[in-house]
There are 2 protein chains.
Amino acid sequence: MSSFRLIKTCPRSQARAGELTTRHGAVATPVFLPVGSQGAVKTLTPEEVKALGMNMVLANTYHLYLRPGISVIKKAGGLHKFMGWEGAILTDSGGYQVFSLAPLRRVSDEGVNFRSHIDGSQHHLSPELVIRHQEALGADIIMALDECPAHDDSPDKVKRAAERTHKWAERCRKAQKRRDQALYAIVQGGVIPELRRQSAEYLASLDFPGYAIGGLSIGEPKEVTLSMVEETVAFLPEDKPRYLMGVGSPEDIVEAVARGCDIFDSALPTRVARNGALFTWQGRRNISNAVYSRMEQPVVADCDCYTCRNFSAAYLHHLFNCGELLAYRLATIHNLSFIGQLMTKIKSAILDGTFPSFKDKFLAGYRSTDERVRLSQKRKWLEKRNLGS
Amino acid sequence: MSSFRLIKTCPRSQARAGELTTRHGAVATPVFLPVGSQGAVKTLTPEEVKALGMNMVLANTYHLYLRPGISVIKKAGGLHKFMGWEGAILTDSGGYQVFSLAPLRRVSDEGVNFRSHIDGSQHHLSPELVIRHQEALGADIIMALDECPAHDDSPDKVKRAAERTHKWAERCRKAQKRRDQALYAIVQGGVIPELRRQSAEYLASLDFPGYAIGGLSIGEPKEVTLSMVEETVAFLPEDKPRYLMGVGSPEDIVEAVARGCDIFDSALPTRVARNGALFTWQGRRNISNAVYSRMEQPVVADCDCYTCRNFSAAYLHHLFNCGELLAYRLATIHNLSFIGQLMTKIKSAILDGTFPSFKDKFLAGYRSTDERVRLSQKRKWLEKRNLGS
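Throughout, a residue's number is its position along its own chain's written sequence, starting from 1. For naming, the first written chain is A and the first written ligand is 1, with later ones following in the order written. Local features in this predicted model are restricted to residues whose pLDDT is 70 or higher, and side-chain atom pairs enter the listing and the counts only when it is 80 or higher, whereas totals over whole chains, interfaces and linings include all residues.

1. Observations regarding the overall build of chain A
For step 1, the next point in the chain: Scanning chain A for helices and strands turns up 16 helices and 16 strands.
For step 2, the next point in the chain: A globule of 389 residues ought to have a C-alpha radius of gyration of about 21 Å, and chain A, at 20 Å, matches this closely.
For step 3, the next point in the chain: Once the C-alpha set of chain A is aligned to its principal axes, its extents read approximately 60 × 50 × 45 Å.
For step 4, the next point in the chain: The exposure label follows from counting other C-beta atoms within 10 Å of a residue's C-beta, where the C-beta atoms are placed from the backbone and the thresholds are 20 or more for buried and 12 or fewer for exposed, leaving partly exposed in between. Here chain A holds 389 residues, and 53% of them are scored as buried.
For step 5, the next point in the chain: Any two residues are considered in contact once their C-beta atoms, placed from the backbone, lie within 7 Å. Long-range contacts, defined here as pairs at least 24 residues apart, represent 67% of the contacts in chain A between residues at least 6 apart. Strands are runs of DSSP state E lasting at least 2 residues, helices are runs of H or I lasting at least 4, and numbering of each runs from the N terminus. Atoms counted for the radius of gyration: C-alpha only. Globule rule: 2.2 Å times the number of residues to the power 0.38.

2. Looking at the domain arrangement of chain A
Residues and elements named next belong to chain A.
For step 1, the next point in the chain: Either an automatic procedure or a domain database provided the assignment from which the domain bounds are taken. Assigned domains within chain A: domain 1 (3–272) and domain 2 (275–371).
For step 2, the next point in the chain: Computed from C-alpha coordinates alone, the two centres of domain 1 and domain 2 are separated by 26 Å.
For step 3, the next point in the chain: The partner domain 2 presents 27 residues to the 29 residues of domain 1 that form the contact.
For step 4, the next point in the chain: Of all the elements in the fold, those that place two or more residues in the side of domain 1 that touches domain 2 are β2 (16–22), β4 (31–33), α10 (250–258) and α11 (268–274).
For step 5, the next point in the chain: Any residue that is not Ala, Val, Leu, Ile, Met, Phe, Trp, Tyr, Cys, Pro, Asp, Glu, Lys or Arg is counted as polar, Gly included; the first ten are nonpolar and the last four charged. Across the side of domain 1 that touches domain 2, the residue classes break down as 19 nonpolar, 4 polar and 6 charged.

3. A few points about the interface of chain A and chain B
For step 1, the next point in the chain: Between chain A and chain B, the residue contacts involve 31 residues of the former and 31 residues of the latter.
For step 2, the next point in the chain: No other element matches the 6 residues that helix α13 (residues 313–322) of chain A contributes to the side of chain A that touches chain B.
For step 3, the next point in the chain: In the side of chain A that touches chain B, the residues fall into 15 nonpolar, 10 polar and 6 charged.

4. Side note on the sheet that holds strand β8 (residues 112–115) of chain A
Residue and element names in this part refer to chain A.
For step 1, the next point in the chain: At least two DSSP bridges between two strands are required for those strands to pair. Taken together, the 3 strands give an open sheet; going across it, the order is β7-β8-β9, and neighbouring strands pair in antiparallel fashion. Unpaired on one side and paired on the other, β7 (106–107) and β9 (122–125) mark the two borders of the sheet.
For step 2, the next point in the chain: Alignment of β8 against β9, held across 4 bridges, turns out to be antiparallel. Directly across from Asn 113, in β9, lies its bridge partner His 124.

5. A short note on the pairing of strand β16 (residues 283–286) of chain A
All names here are of chain A.
For step 1, the next point in the chain: Relative to β16, strand β15 (residues 277–280) is paired through 4 bridges, and the arrangement is antiparallel. The residue of β16 that forms the bridge with Thr 280 is Gly 283.
For step 2, the next point in the chain: The antiparallel hairpin formed by β15 and β16 contains 2 residues in its connecting segment.

6. A short note on the environment of Ala59(B)
All names here are of chain B.
For step 1, the next point in the chain: Of note, Ala 59 is situated in strand β5 (residues 56–60).
For step 2, the next point in the chain: Ala 59 gets classed as buried once you count the C-beta atoms within 10 Å, which come to 27.
For step 3, the next point in the chain: Along the sequence, Ala 59 and Asp 92 sit 33 residues apart, while their C-alpha atoms lie 6.5 Å from each other.
For step 4, the next point in the chain: If sequence neighbours within four positions are ignored, Ala 59 has contacts with Gly 36, Ser 37, Gly 39, Leu 64, Leu 79, Ile 89, Thr 91 and Ala 139.

7. Focus: the pairing of strand β6 (residues 88–92) of chain A
Residue and element names in this part refer to chain A.
For step 1, the next point in the chain: Burial within β6 is extensive, with 5 of its 5 residues counted as buried.
For step 2, the next point in the chain: Of the two faces of β6, the one lined by Ala 88, Leu 90 and Asp 92 and the one lined by Ile 89 and Thr 91 are each fully buried.
For step 3, the next point in the chain: Inspection of the sheet shows strand β5 (residues 56–60) paired to β6 by 5 bridges, in the parallel sense. Bridging from a neighbouring strand, Asn 60 pairs with Asp 92 of β6.
For step 4, the next point in the chain: In terms of strand pairing, β6 meets strand β10 (residues 141–143) through 2 bridges, oriented parallel. If you follow Thr 91 over to β10, its bridge partner there is Ile 142.

8. As for the sheet that holds strand β2 (residues 16–22) of chain B
All names here are of chain B.
For step 1, the next point in the chain: Strand order in the open sheet made by the 3 strands is β1-β2-β3, with antiparallel pairing throughout. The open sheet has two edge strands with one neighbour each: β1 (3–9) and β3 (25–29). Recorded for the sheet is a direction-independent mean angle of 20 degrees between the axes of neighbouring strands.
For step 2, the next point in the chain: Judged from the 5 bridges that link them, β2 and β3 form a sheet pairing that is antiparallel. Each residue of the ladder has a partner; that of Leu 20, found in β3, is Val 27. As a rule, the C-alpha atoms of each element are fitted with a line to give its axis, helices using only the stretch in contact, and angles between N-to-C directions run from 0 to 180 degrees.

9. Comments concerning the confidence of the model for chain A
For step 1, the next point in the chain: Residue-level confidence of the predictor, termed pLDDT, takes values from 0 up to 100. With 97% of its residues at a pLDDT of 70 or more, chain A shows a mean pLDDT of 95.
For step 2, the next point in the chain: Among the prediction metrics, the complex's ipTM stands at 0.95, with pTM recorded as 0.95.

10. Things to note about helix α6 (residues 127–137) of chain B
All names here are of chain B.
For step 1, the next point in the chain: Of all 11 residues in α6, 8 are buried; the element is thus mostly enclosed.
For step 2, the next point in the chain: Inspection of α6 places Pro 127, Leu 129, Val 130, Ile 131, His 133, Gln 134, Glu 135 and Leu 137 among the buried residues, and these make up the whole buried set.
For step 3, the next point in the chain: Phi turns positive one or two residues past the end of α6, at Gly 138, with a value near 85 degrees.

11. Describing unusual backbone geometry
All names here are of chain A.
For step 1, the next point in the chain: A cis amide bond links Thr 29 with the next residue in sequence, Pro 30, at an omega value of 0 degrees.
For step 2, the next point in the chain: Structurally, Pro 30 is set in the loop between β3 (25–29) and β4.
For step 3, the next point in the chain: The step from Arg 67 to Pro 68 runs through a cis peptide bond, and the omega angle for that step is 5 degrees.
For step 4, the next point in the chain: Within the fold, Pro 68 resides in the loop between α2 (61–66) and α3 (70–75).
For step 5, the next point in the chain: The phi angle at Thr 43 is positive, at roughly 80 degrees, despite the residue not being glycine.
For step 6, the next point in the chain: Here Thr 43 falls in the buried class, since 24 other C-beta atoms lie within 10 Å of it.

12. So, the relation of the copies chain A and chain B
For step 1, the next point in the chain: Superposing chain A onto chain B takes a rotation of 180 degrees combined with a translation of 0.0 Å along the rotation axis, leaving an RMSD of 0.0 Å. This pairing of chains is accounted for by a two-fold axis. Closest approach to the rotation axis within chain A is made by the C-alpha atom of Leu325(A), at a distance of 4.0 Å.
For step 2, the next point in the chain: Interface overlap between copies: 100% of the residues of chain A at the interface are likewise at the interface in chain B, consistent with a symmetric, same-surface contact. Here the copies are matched by least squares. The fit uses the C-alpha atoms of residues with pLDDT of at least 70 in both.

13. Details of the packing of helix α10 (residues 250–258) of chain B against helix α15 (residues 355–365) of chain B
Residue and element names in this part refer to chain B.
For step 1, the next point in the chain: Close contact between α10 and α15 brings their axes to 10 Å; oriented N to C, the two are set at 155 degrees. Taken together, the axes of α10 and α15 are roughly antiparallel relative to one another. For the crossing formed where α10 meets α15, the hand is left-handed. Seen from α10, the contacting residues are Glu 251, Val 254 and Ala 258; seen from α15, they are Lys 359, Phe 362 and Leu 363. For classification purposes, an angle smaller than 35 degrees is called roughly parallel, one larger than 145 roughly antiparallel, one from 65 to 115 roughly perpendicular, and anything else oblique. If you view the pair so one helix is near and one far, a crossing is left-handed when the near helix is turned anticlockwise from the far one by less than a right angle, and right-handed when it is turned clockwise.

And the structure:
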């Protein structure tokens, strides 16, 4: 059974350092999980993921249920064996994927009917079924089924989704047969502080081994995301891990750590890598930019990742320019290594008691390249909400 | 300077074992060069190519001239450094690529004008320029500029292309300044035995350090390719390496080794890998076939490649089914490893004096999956030639 041990809490922020114990090794927190929705971290072998210092990955029940099918993986001896990964795995339940990917979904108290985003075939998931599937996959940490409302749904709808999520969490726990997997509940409540509080308090009273914060980072401005994280964390137990789902970017991770989150996952680092956007300590840089065409230095001069140790920015620029598949790998390695280096710095700073100054220094240096776009999106979002309310 | 040492010739075929000496290490022959046209073997890092036992790769002057441009690579300290490859490199001159890729080419005795297949921009290559470019790239073996006629061009046109190729070979040698690169001449002559003989004899009289057989495997039936190899090899010197350009498949390599060829390159093993066609000792198999969807064994049971040692056929099937980029890597590794294992077996058999029986056994077991397609193509080709003559 996975368990969590809190090692240190920052005296001047909510940041914490801890350790998860799993059947597949210990995992120091705060931790970032690379996303392997379909049983592979895009472009990388398990050896490479491990060499990046990552020891837990995320996979998606929704994707694996549709392809190759749960029975194929069960027959292969479980997901660890199927994908050749010896580290820890967390599987998401499919609630968010049904919400974000599947067309024509119909949610009822019983569960959710939806069509596959791949071939339009009809499917059904319920709290009992997602537990059965996740027990067959055999991840170390599994998630309860949740209903994720859209960020601009009415307060009523958000409230009903949270209440359903609570009932589903209880049914998931009841359905659980395996005792060697940690089942985390997911807090919902949209962007309404009172609903976040209620959801966190209710689920906390049920004493799950871990809590996820769901339904955020799905279109609302960053300030709102972070404020909702605060509203949720305040009502979660100190001694349980807190998993902020779908976050994120280097700057968002640092902000969320400061607010007491321990676990993160996001496809962002690997997805933007495949678009040529590489993390540097000064922010994201696009390798396709002509300034890199003759740069003989690596993208990040003092980076010790495989990519930067072996290849110039000019070579990477060339590979992207030609659409060579190696480009996507090398960029993925760099971005995941960057996140790994960031998590190491965060952990050290928490243990040293220097996290607040580390955070300030990092955020001052790390300039988001799309600040203007972000502010414009935020303005539109606020306008829309004010009109609607 | 690259040199060649013949170690053993098979007493009952033309097969030979030898060794090339290059500035970047010794290369045992017969040898297959993986193709890295744009300065990368598709999907793989240099470390992976090396781990596959490959110690020479091919790159294309045409591709690198267009992207990133010769000056970028020269500034980076040459192609070895640019692409992070410590083994040997052979660069093709661009003659074949201008013929096969570039639209609107105009060939004159001086050289060739063409448009880029990427952006339509106008370019010029001459014997002197391809040498200058290849000297800047710094490969261990470089190729003379040749004119490659289509396989169904008229005998007159084929003859003129061969004569021009001879003159260009002489101009290439004259233009050569670096003495640490071996310049190979390219035999042309289409599918006309007399022209092949003339081309081989003429170029042999000029005493190049190596000879390539060009203009084959470009649409003519396999029997014709092999027959032309015989017609050419018969007039090439024993003590010089023979490079059959653009071949090929496992069965074609074995046949060409039996006819005295030493060096091979082809994008086929890596290209078909990305389409899910994997080499087995019984022939090519397509991993997308439903029979693999639940196969827990690797694709080739006793294969010691990274892919087969670590992953089931079912996992590979799943990755291809989902379009995961890792699929293309794992399939590429398997196919190149297969070719590497094949070359090792070929070398051992030649040294043991058992090559003819190895060849018969291999070809009896290795059934081409597209035999019917091949025979139909051959019939059409022969009909067309008979009508035309």
